[in-house]
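Structural features, examined
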Amino acid sequence: MALSSEHQIEILSEDGGKVFSRAEPWHKQEIVRILKEMGEVVAMTGDGVNDAPALKLTDIGIAMGITGTEVAKEASDMVLADDNFSTTVSAVAEGRSIYNNMKAFIRYMISSNVGEVISIFLTAALGIPECLIPVQLLWVNLVTDGPPATALGFNPADVDIMEKPPRKSDDALINSWVFFRYMVIVMATHLLNYHNFATGVNFHRDPFKAGNRLITFSDPCEYFTVGKVKALTLSLSVLVAIEMFNSLNTLSEDNSLIKMPPWRNPWLLVAMSVSFGLHCLILYVPFLADIFGIVPLSLNEWLLVILLSAPVIRIDEVLKFVGRRRRTKLKAA
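Residues numbered from 1 in each chain as written. Predicted model: local features only at pLDDT ≥ 70, side-chain atom pairs only at ≥ 80, totals over all residues. Heavy atoms only, no water.

Looking at an unreviewed UniProt entry, one finds the protein chain named Cation-transporting P-type ATPase C-terminal domain-containing protein and attributed to Anisodus tanguticus. UniProt, in the comment section headed Subcellular location (unreviewed entry), describes the protein chain in these words: "Membrane". (UniProt positions renumbered as here; feature names shortened; annotations may be inferred.)

1. Observations concerning the nonpolar core
Formed by 40 residues in total, the largest nonpolar core has its most connected members in Leu248, Leu268, Ile294 and Val305. Mapped by element, the contributors of at least two residues to this core are α6 (134–144), α7 (146–151), α8 (176–199), α9 (229–249), α10 (266–284), α11 (286–292), α12 (299–309) and α13 (311–332). Sorting elements by how many residues they give to this core places α9 first, with 11 residues. Beyond its immediate chain neighbours, meaning those up to four positions away, Leu248 contacts Leu257, Pro262, Leu268, Met272 and Ile313. (Core = buried A, V, L, I, M, F, W, Y, C linked by side-chain atoms within 4.5 Å. Buried < 20%, exposed > 50% of the residue type's maximum accessible area, 1.4 Å probe, protein only. Helix = DSSP H or I, 4+ residues; strand = E, 2+ residues; numbered from the N terminus. Contact = heavy atoms within 4.5 Å.)

2. Overview of the UniProt feature "transmembrane region" (unreviewed entry) in the protein chain
Using the residue numbers shown here, the UniProt feature "transmembrane region" (unreviewed entry) corresponds to residues 172–192, 267–287 and 302–322. End C-alpha atoms of residues 267–287 are separated by 30 Å, and the span's content is 95% helix alongside 0% strand. The annotated region residues 302–322 carries 95% helix and 0% strand content, and the separation between its end C-alpha atoms amounts to 32 Å.

3. Concerning unusual backbone geometry
Despite not being glycine, Arg22 shows a phi value in the positive range, around 50°. Within the element layout of this structure, Arg22 appears in the loop between α1 (5–13) and α2 (25–37). Even without being a glycine, Asp83 presents a positive backbone phi close to 55°. The topology assignment puts Asp83 in the loop between β3 (78–80) and α5 (86–126).

4. A word on the side chain of Asp316
Along the chain, the position of Asp316 falls in helix α13. Residue contacts for Asp316: discarding those within four places in its chain leaves Arg181, Ile185 and Asn249.

5. Re the pattern of salt bridges
With the rule as written, the count across this model stands at six salt bridges. Between Glu70 and Lys73 there is a salt bridge whose closest N-O contact spans 3.5 Å. One end of the pair, Glu70, and the other, Lys73, are both in helix α4 (residues 70–75), three residues apart, so they sit about a helical turn from each other. Looking at Lys73, the relative accessible area reads 22%, which means it is partly exposed. For Lys320, the salt bridge is made with Asp316, and the minimal N-O distance between the two is 3.9 Å. Residue Lys320 and its partner Asp316 are both found in helix α13; the two are separated by four residues, about one turn of the helix. Comparing Lys320 with Asp316 shows no difference in burial state: the two are buried. (Salt bridge = Lys/Arg side-chain N within 4 Å of Asp/Glu carboxyl O.)

Structure follows, in structure tokens:
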């Protein structure tokens, strides 16, 4: 304590562990205070009454549940019920997993909603008929997106979750690289979706069959209403398929699907099945199809939907690889 503040910071900044012997309660408080002023996230374990002031001052105070005093437990944020220090490691892994799952939910919802906005914005900006009507947007946003987003909250921990260095307290929830990645995915796939709608399949003024329904035109203006039903159905189906595939990308922020395969979160596979099942329900139940203004799709049309939406996985796998290489180079530097 006789050292200058600069010298104290220099000692605490050195690599390796430090041992402070014959420490009084206020010494512990000073060490915690200096570390926090240096921008560190400070955790401390303790069991005695003299540890309580420093435990209260830390970011994460950890008390012993068996041998610890009541004062130490009250001053702490966490109590080890088994007095085993290795339990703290398990708690950190669980905390990181919960935080990652929260980020996965946010990434998925942001990318899904941005995709829907872009779908509407492009058609409005280019002056073509809307590719989705309001009831379809509500269906996608409230029903189709819901189950996968919820299932992402049950993601298991990444295989390398404890190998990564602790994040800084001021780290952004969504950093610039991750945001760029998802904007690339959204733009690339939804431009394909726009191309699908703009060119259309059977999108012409001559009568054509959509499912079991014959589309005819008594008025040329109907070309822009009932005439676009097949292209509109394809556009909606591609959007739903993109968001299902994108939920697989969100399983891990950095790891490939090879390292973090989809079956590690069976709830996500169930959720995707539910969402696709609900989409098929409105496609193939006649009165629901009429409500949503869509028509059934043939097998070839489903293949077209998969062909246009599946690249979302390949694009993100490439971007994840680039991100991993970038981090490796930064560590080496």
